[in-house]
Amino acid sequence: MATEKSEKIDPQRALSVGEVAERSGVAVSAIHFYEKKGLIRSWRNNGNQRRYSRDVLRRVAVIKVAQRTGIPLAEIGAALATLPEGRTPNTRDWRKLSAKWKQDLDHRIQQLTLLREHLSECIGCGCLSVSDCPLRNPDDIAREYGPGAVLFEQPDT
Ligand code: FES
């Protein structure tokens, strides 16, 4: 397999915050917020203007999708922090990130699937308000397994 070349950041191809906002579909204020949170980085050019390397577009895209699925910014930041600084992350870098994140994402997918599939059923939360509560959680026996939506959070009980 050809070794992947690590591309040095090219100031000529750098983007202004407006260009990043336009291309990513994210407001300038959000770009500044992501930077303040340490999720993305910029540098100042001779005119003291912020400039971003093009790979920031991929980082912003990942942040947007991850946020939409409910992943906290801190977790997104921890994942993006595994990417190299000072050079454009290559496919291997992104593969390493996704491998690290895979377990979390799989767990979220499992939770979201459970939610989608069991939302109309009794989830053992103690409300006794859904038609099959008497069947699946008579007299709220689920409370013996602990707090919360026991049948949902501990599907094996
Ligand atoms: S859904 Fe709440 S106890 Fe059944």
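A.B. asks: Looking at this structure, how should I read helix α4 (residues 73–80)?
C.D. replies: Note on helix geometry: an α-helix contains 3.6 residues per turn, so any two residues three or four positions apart are oriented the same way. Here α4 has its buried residues at L73, I76, G77, A79 and L80. The arc that holds every buried residue of α4, seen down its axis, measures 160°, which confines them to one face. In this structure, the buried residues of α4 make contact with α2 (28–36), α3 (56–68) and α5 (91–118).

A.B. asks: Explanation requested: the packing of aromatic side chains in the structure shown.
C.D. replies: Any two aromatic rings considered together are summarised by their centre-to-centre distance and by the angle between their planes. According to the stated counting rule, one finds 1 aromatic pair in the structure shown. Ring geometry for F33 and Y34: centres 6.3 Å apart, planes at 55°, overall tilted. By relative accessible area, which is 35% here, F33 ends up partly exposed. Accessibility expressed as a relative area gives 5% for Y34, which makes it buried. We note R58 situated over the ring of W94; from NZ or CZ to the ring centre the distance is 4.3 Å.

A.B. asks: Just checking my understanding: could you explain unusual backbone geometry for this structure?
C.D. replies: Most peptide bonds are trans, and most residues other than glycine sit at a negative phi. Phi angles above zero are rare outside glycine, and N48 is one such case at about 60°. Mapping N48 onto the fold places it in the loop between β2 (43–44) and β3 (50–51). Of note, the phi angle at D139 is positive, near 50°, even though the residue is not glycine. Relative to the helices and strands, D139 is located in the loop between α6 (133–136) and α7 (150–153). For D139, a relative accessible area of 67% corresponds to the exposed category.

A.B. asks: What's the story with the domain arrangement of the protein chain in this structure? I'm lost.
C.D. replies: The extent of an interface is frequently quoted as the accessible surface area lost upon association of the parts. The assigned domain composition of the protein chain is domain 1 (11–122) and domain 2 (127–157). The distance between the C-alpha centroids of domain 1 and domain 2 comes to 38 Å. With 6 residues of domain 1 at the interface, the matching set in domain 2 holds 8 residues. Carbon and sulfur atoms make up 66% of the surface buried where domain 1 meets domain 2, a total of about 610 Å² over both sides. Of all residues in domain 1, L114, E121 and C122 bury the most surface against domain 2, accounting for 72% of the area lost on that side. The interface formed by domain 1 and domain 2 includes 1 salt bridge. Between E121 and R136 there is a salt bridge, and its shortest N-O distance comes to 3.2 Å.

A.B. asks: What is the right way to look at the side chain of D140 in this model?
C.D. replies: Relative to the helices and strands, D140 is located in the loop between α6 and α7. Although buried, D140 forms no salt bridge, and the nearest oppositely charged side chain, R143, lies 4.0 Å from it. Looking at D140, its side chain comes within polar contact range of the side chain of N137, at 2.9 Å. Excluding its chain neighbours within four sequence positions, the residues that come into contact with D140 are G126 and L128.

A.B. asks: Just to check I follow, could you spell out the side chain of N137 for this structure?
C.D. replies: Its location among the elements puts N137 in the loop between α6 and α7. At 2.9 Å, the side chain of N137 forms a polar contact with the backbone nitrogen of I141. Within the local environment of N137, its side chain forms a polar contact with the backbone nitrogen of A142, the two atoms lying 2.8 Å apart. Sequence-distant contacts of N137, that is, excluding residues within four places in its chain, are made with C122, G124, G126, L128, D132 and A142.

A.B. asks: What is the right way to read the packing of α3 against α4 from this model?
C.D. replies: Packed helices, taken two at a time, are described by the angle their axes make and the gap between the axes. One way to put it is that α3 packs onto α4 with a least axis distance of 10 Å and a crossing angle of 145°. Where α3 crosses over α4, the handedness of that crossing is right-handed. Residues R59, I63, A66 and Q67 of α3 pack against L73, I76 and L80 of α4. The residue inventory of the contact of α3 with α4, partitioned by class, reads 5 nonpolar, 1 polar and 1 charged.

Thresholds applied
- Residues numbered from 1 in each chain as written.
- Predicted model: local features only at pLDDT ≥ 70, side-chain atom pairs only at ≥ 80, totals over all residues.
- Heavy atoms only, no water.
- Buried < 20%, exposed > 50% of the residue type's maximum accessible area, 1.4 Å probe, protein only.
- Helix = DSSP H or I, 4+ residues; strand = E, 2+ residues; numbered from the N terminus.
- Arc of directions from axis to C-beta.
- Contact = heavy atoms within 4.5 Å.
- Phe/Tyr/Trp six-rings, centres within 6.5 Å; stacked < 30°, edge-to-face > 60°.
- Lys NZ or Arg CZ within 6 Å of the ring centre and 35° of its normal.
- Domains from an automatic or database assignment.
- Buried area = accessible area lost by both parts, 1.4 Å probe.
- Salt bridge = Lys/Arg side-chain N within 4 Å of Asp/Glu carboxyl O.
- Lys, Arg positive; Asp, Glu negative; His and termini not counted.
- Polar contact = N/O pair within 3.5 Å; in protein donor to acceptor, adjacent residues only side chain to side chain.
- Axes fitted to C-alpha atoms, helices over the stretch in contact; angles between N-to-C directions.
- Left-handed = near helix turned anticlockwise from the far one by under 90°.
- Nonpolar A, V, L, I, M, F, W, Y, C, P; charged D, E, K, R; others polar.

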